[in-house]
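# Summary of structural features
Each chain is listed here by its residues.
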There are 2 protein chains.
Amino acid sequence: MSHVPPHVVIVGGGFAGLWATRALARDAVRITLVDRRNHHLFQPLLYQVATAGLSAPDIAAPLRHILRRQRNVEVRLGEVASIDTGGRRLGLEDGTALDYDMLVVATGATHAYFGHDEWAPHAPGLKSLDDALGIRRRVLMAFEHAEAADDPAERAAWLEFAVVGGGPTGVELAGTLAEIARHTLKNEFRHIDPAQARIRLVEAGPRVLSTFPERLSEDARRKLEKLGVDVVTGHAVEAIDAEGYVLGGTRVPARTVLWAAGVAASPLGALLGVPLDRAGRVHVGPDLGVPGQPEVFVAGDLAHVEQDGRPVPGVAPAAKQMGAHVARAVRARLAGATPPAFRYRDMGNLATIGRMAAVVDLHGLHLRGLPAWWFWLWVHVLFLIGFRSRLVVLINWAWSYWSYQRHARIIFGRSTRAAPRTPTD
Amino acid sequence: MSHVPPHVVIVGGGFAGLWATRALARDAVRITLVDRRNHHLFQPLLYQVATAGLSAPDIAAPLRHILRRQRNVEVRLGEVASIDTGGRRLGLEDGTALDYDMLVVATGATHAYFGHDEWAPHAPGLKSLDDALGIRRRVLMAFEHAEAADDPAERAAWLEFAVVGGGPTGVELAGTLAEIARHTLKNEFRHIDPAQARIRLVEAGPRVLSTFPERLSEDARRKLEKLGVDVVTGHAVEAIDAEGYVLGGTRVPARTVLWAAGVAASPLGALLGVPLDRAGRVHVGPDLGVPGQPEVFVAGDLAHVEQDGRPVPGVAPAAKQMGAHVARAVRARLAGATPPAFRYRDMGNLATIGRMAAVVDLHGLHLRGLPAWWFWLWVHVLFLIGFRSRLVVLINWAWSYWSYQRHARIIFGRSTRAAPRTPTD
């Protein structure tokens, strides 16, 4: 009998991967956590970095730091190139390989453009810190370009913003952009009135926040409109290019279009060689295991697991629960037992619409307005990792909600009239 | 008599340009402040961003926001391409032009490599937020590369760091790098002991902090050595390339070399067509005016002004005082009077060597150790613009000095084994 502890490889340091890693802290296993970035990201607050309300380090923490005391885990910075499930070997981009006894793939989701990948450069999505910094730059530069424009048509196009997708991310982005235009930038320009900017939210379905109860959807819509957002429902954007977009057959010149409409699973799902759903997510069994591959599990946004006839949604609490469950499943499998079935506990839904307004759905208990906003604030702050982050985020928030100011309005790189590029490599 | 107020154009929103702008707030002039970046940067704390102790927005604030209430100023984001002093016209890179009645050039300094510009890609300097983020990435990635290296020689090269230049910037960088290696990253790696990293500070002159009194220089050196920094004086680096550097005829394989050894004036000095000193700074008269050009003034690091036989140093307090003086000079000139002569008030010198250690020279009053560090802390915090920034920086500092933790250890962009690129355009 070998004394070498089993090697559990976990790919992805987001909510699912990190929760799985930590849940195995006391097990007699050796864990390698692989991620192509050095940090765990608190994605629910990414829209704050994108709208210059928080700085990037406020919502991210280095994985090595989070896991420093967990002696059975090693963090490996790298990108997966291949998965050989027969030989139980993971190949990394740098040419090295990891042999595993158990594999957990938790690489999440990325943007999807409904078959129109050519829209991607003109309508950036929001899934990583680099995305957020790119959007921040784009939004701040739009006002700069408008200020410097001589031609009225050009100026109008720079003051035209669109957010595509009326889920929580789109609602949060649109509401915050409206606050920036109406309040934050007040008095700062001499040739434009930033409050004249048009912020439009486009949702193809009949209502925004379609996964929320109707009453809260309506409340969110009213709040957005009160903030000055032009909410369009029941129409899908037909085309997007560098100069604008097409909606309802009409072309709208708009230099800033942001994408919050669709996600697709990480490409790593395809490397497993098993059936995927339409979004590229891996169909897993009730124990989150991959059918036919007893050593492989998938957790988080990459997993498609049905419950009561519906897929478990790609939200943070679901990812965390799946991560914790996979740890139990791995433990069972290693002990030769049958892994338990996963049961998602839906804790409710929440989204913020801007300063001191939010909607919260806790299974029949609905909160709106200021109480909802306080609840949303505390939930997000509590779930942030690290006390210092919580304190700093609280202060930044208190400050910006008191003063409408946003503290991270810094544009990196040169700021010229050339098309802005995002600060990634 | 024209009723149009005179147009004062100020190029550069750093200490000198911003102080000049604000000093003219109540004058009957129209001011355009031109900068190629959207923010004012608190440069003395740049090394904190470079060493992941603070995030970029903590030490920078948008110029538009700082000046929003000053009705006689307009902020223009742009880069100067030409200066026609005869026609009193400033040409910008985007093809537009600004006609001025008075011109203040305050574009500061950049890195200089003593005729070895080929060293620049291998030994980045620290003058802007982009520089700081690039250095941060490079330093954090060096430990990542060391962790992943199989070859012991490669691992050793990744754990070999050099800072060239023993002035305040070099001392602050080296001391902080040593703290990161010895304390911050403790326990976070499994294949390396970050405390084994060698941090070397190379100063060509006989002592570090050469502009400080000898006793404080010695104190700084002792403190650095206590932190584990290898301080080398009296030797200049002879060559730098991608794999290492040459010192005293010996080649040292080192993958991270940082440059804090020389500054040169901004290239805009050359556009004025007047005599420059060896570092490219503009020789100005006692009133900070450009000889032969009564409408042009230069302030800050770009100005070479003699006082008591020595040039006024390129430090923050000097830049602020020059900025304030140029406002007085412009006012006098517009009134047909003789502008007063500039007199620099040297308030002393201060530098920090790391956690709770600093040296402070206030004209005979010397502070060292903890009292010096408290003084340094309060001076820097007081001079930061913006109450919120001060509060957040204080908290971050308190946290990191209490715990040795650094809050901004985030690597932007992909983290692969390919040579890291800096997040600029």
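Residues numbered from 1 in each chain as written. Chains lettered and ligands numbered in written order. Predicted model: local features only at pLDDT ≥ 70, side-chain atom pairs only at ≥ 80, totals over all residues. Heavy atoms only, no water.

## With respect to the pattern of salt bridges
We count it as follows: For salt bridges, the criterion is a side-chain nitrogen of Lys or Arg within 4 Å of an Asp or Glu carboxyl oxygen. Every helix listed is a DSSP run of H or I at least four residues long, and every strand listed is a run of E at least two residues long, numbered separately from the N terminus. Each residue is assigned to one of three classes by its accessible area relative to the maximum for its type, calculated with a 1.4 Å probe on protein chains only: buried under 20%, partly exposed between the two thresholds, exposed over 50%.
What the rule picks out here adds up to 37 salt bridges over all chains. For B:Arg64, the salt bridge goes to A:Glu144, with nearest N and O atoms at 2.8 Å. Taken as a pair, B:Arg64 in helix H3 (residues 63–66) and A:Glu144 in helix H4 (residues 129–148) lie in two separate chains rather than in one. We note that B:Arg64, like A:Glu144, is buried. B:Asp230 is the salt-bridge partner of B:Arg198, the closest N and O atoms lying 4.0 Å from each other. Taken together, the residues B:Arg198 in strand S12 (residues 198–203) and B:Asp230 in strand S13 (residues 229–233) connect sequence positions 32 residues apart. A network of salt bridges, in which partner residues are shared, links A:Glu160, A:Arg198, A:Arg200 and A:Asp230.

## Quick word on the sheet that holds strand S7 (residues 89–92) of chain A
Residues and elements named next belong to chain A. Note the threshold: Strand pairing is assigned whenever DSSP detects at least two bridges linking the two strands. Every axis in this analysis is a line fitted to C-alpha atoms, fitted for helices over the stretch in contact. Angles between the N-to-C directions lie between 0 and 180 degrees.
Pairing within the open sheet is antiparallel, and its three strands lie in the order S6-S7-S8. Both edges of this open sheet fall to strand S6 (80–84) and strand S8 (97–99), since each of them pairs with a single strand only. Neighbour-to-neighbour, the strand axes of this sheet turn through a mean angle of 15 degrees, independent of strand direction. Taken together, the three bridges between S7 and S8 define a ladder with antiparallel strand orientation. In the sheet register, Gly91 faces S8, and the bridge partner there is Ala97.

## Here we look at the confidence of the model for chain A
Residue and element names in this part refer to chain A. Put simply, the rule reads: The predictor's confidence in any single residue is recorded as pLDDT, a number from 0 to 100. When checking whether two residues touch, look at their non-hydrogen atoms; a contact exists if any pair is within 4.5 Å.
A residue-level look at chain A finds 88% of positions with pLDDT of 70 or above and a mean pLDDT of 88. This stretch, residues 416–425, has a pLDDT under 50; its non-local contacts, to residues over four places away or in other chains, come to 24 contacts. Across the interface, the model reports ipTM at 0.80; the global pTM reads 0.83.

## So, the pairing of strand S14 (residues 237–240) of chain A
All names here are of chain A. Of the strand pairs in this sheet, S14 and strand S15 (residues 244–247) are connected by three bridges, and their pairing is antiparallel. If you follow Ala239 over to S15, its bridge partner there is Val246. Between the end of S14 and the start of S15, which pair antiparallel, lie three residues.

## Some details on the sheet that holds strand S8 (residues 97–99) of chain B
Residues and elements named next belong to chain B. The three strands lie next to each other as S6-S7-S8, forming an open sheet whose pairing is antiparallel. Edge positions in the open sheet fall to strand S6 (80–84) and S8, since each of these has one partner strand only. Pairwise comparison of adjacent strand axes, ignoring direction, gives a mean angle of 15 degrees for this sheet. Across four bridges, the pairing between S6 and strand S7 (residues 89–92) is antiparallel. Its bridge partner being in S7, Val80 is matched across the sheet by Leu92.

## With respect to the nonpolar core
Definition in use: Nonpolar core, defined: a set of buried Ala, Val, Leu, Ile, Met, Phe, Trp, Tyr and Cys residues in which side-chain atoms within 4.5 Å join the residues together.
Counting 221 residues, the largest nonpolar core has A:Leu129, A:Phe143, B:Leu129 and B:Phe143 as its most contacted members. Other than its neighbours up to four places away in sequence, A:Phe143 contacts A:Leu159, A:Phe161, A:Ala181, A:Leu185, A:Phe189, A:Ile192, A:Pro194 and A:Ala197.

## A word on the packing of aromatic side chains
This is how the line gets drawn: Centre distance within 6.5 Å is the pairing criterion for rings of Phe, Tyr and Trp, where only the six-membered ring of Trp is used; planes under 30 degrees apart are then read as stacked, over 60 as edge-to-face, and the remainder as tilted. Our definition puts a charge over a ring when NZ of Lys or CZ of Arg is within 6 Å of the ring centre and also within 35 degrees of the ring normal.
As enumerated under the stated definition, the model contains 14 aromatic pairs over all chains in all. Just above the ring of A:Trp19 sits the side chain of A:Arg22; from NZ or CZ to the centre is 5.1 Å.

## Points about the UniProt feature "domain: FAD/NAD(P)-binding" (unreviewed entry) in chain A
What counts is decided by this rule: UniProt positions are given in the numbering used here, feature names are shortened, and annotations may be inferred rather than shown by experiment.
With numbering aligned to this structure, UniProt lists the feature "domain: FAD/NAD(P)-binding" (unreviewed entry) at residues 7–323 of chain A. Across residues 7–323 of chain A one finds 26% helix and 29% strand; the C-alpha atoms that close the span lie 17 Å apart.

## Examining the packing of helix H1 (residues 15–23) of chain B against helix H8 (residues 316–334) of chain B
Residue and element names in this part refer to chain B. Put simply, the rule is: Two helices cross in a left-handed way if the nearer one is turned anticlockwise from the farther one by less than a right angle. They cross in a right-handed way if the turn is clockwise. Just so you know the grouping, Ala, Val, Leu, Ile, Met, Phe, Trp, Tyr, Cys and Pro go in nonpolar, Asp, Glu, Lys and Arg go in charged, and all remaining residues, Gly too, go in polar.
Interhelical geometry of H1 versus H8 gives an angle of 40 degrees and a closest axis separation of 7 Å. Of the two elements, H1 crosses H8, and the hand of that crossing is right-handed. Between H1 and H8, the contacting residues are Phe15, Ala16, Trp19, Ala20 and Ala23 on the first element and Ala316, Ala319, Lys320, Gly323, Ala324, Ala327 and Arg331 on the second. When the residues that make up the contact of H1 with H8 are grouped by side-chain class, the tally is nine nonpolar, one polar and two charged.

## Considering the pairing of strand S15 (residues 244–247) of chain B
Residue and element names in this part refer to chain B. The alternating pattern of S15 places Gly244 and Val246 and Tyr245 and Leu247 on opposite faces, both of which are buried. Sheet topology note: the S15/strand S16 (residues 250–253) ladder contains four bridges and is antiparallel. Its bridge partner being in S16, Val246 is matched across the sheet by Arg251. In textbook terms, the turn of a hairpin is the stretch between consecutive antiparallel strands, and for S15 and S16 this stretch comprises two residues, one of which, Gly248, has a positive phi near 55 degrees.

## Some remarks on the side chain of B:Thr256
Checked against the element boundaries, B:Thr256 lands in strand S17 (residues 256–259). With residues up to four places along the chain from it excluded, the contact list for B:Thr256 reads B:Arg138, B:Val139, B:Ala142, B:Glu160, B:Phe161 and B:Ala162.

## A short note on the environment of A:Arg155
Mapping A:Arg155 onto the fold places it in helix H5 (residues 152–158). Sequence-wise, A:Arg155 and A:Ala197 are 42 residues apart; in three dimensions their C-alpha atoms are separated by 10.0 Å.

## Re unusual backbone geometry
The backbone phi angle of A:Leu209 is positive, close to 45 degrees, even though this residue is not glycine. Of note in the backbone geometry, B:Asn187 takes a positive phi value of approximately 75 degrees without being a glycine. Within the secondary structure, B:Asn187 is located in the loop between helix H6 (168–184) and S12. Using a relative accessible area of 45% as the deciding quantity, one classes B:Asn187 as partly exposed.

## Brief notes about a nonpolar patch on the surface
Note the threshold: Each patch is built from residues that are more than 30% exposed by relative accessible area and take part in no salt bridge. Like charges join if they lie within 9 Å; nonpolar side chains (Val, Leu, Ile, Met, Phe, Trp, Tyr) join within 5 Å. Computed with the Shrake-Rupley method and a 1.4 Å probe, the accessible areas treat only the protein chains shown as cover for residues.
Nonpolar side chains collect at one region of the surface, where A:Leu370, A:Trp374 and A:Trp378 lie side by side and expose about 320 Å² of accessible area between them. Residue A:Trp378 is classed as partly exposed on the basis of its relative accessible area, which comes to 41%.

## A closer look at the environment of B:Pro313
Residues and elements named next belong to chain B. Note on placement: Pro313 falls in the loop between strand S24 (310–311) and H8. We classify Pro313 as partly exposed; its relative accessible area is 36%. Put simply, Pro313 and Gly86 are 227 residues apart on the chain and 30 Å apart in space, counted from C-alpha to C-alpha.

## Brief notes about the environment of B:Gly12
Residue and element names in this part refer to chain B. Following the sequence through the fold, Gly12 ends up in the loop between strand S1 (7–11) and H1. Take Gly12: its relative accessible area is 7%, and that puts it in the buried class. With sequence-adjacent residues up to four places away left out, Gly12 is seen in contact with Gly17, Leu18, Leu33, Val34, Asp35 and Ala106.

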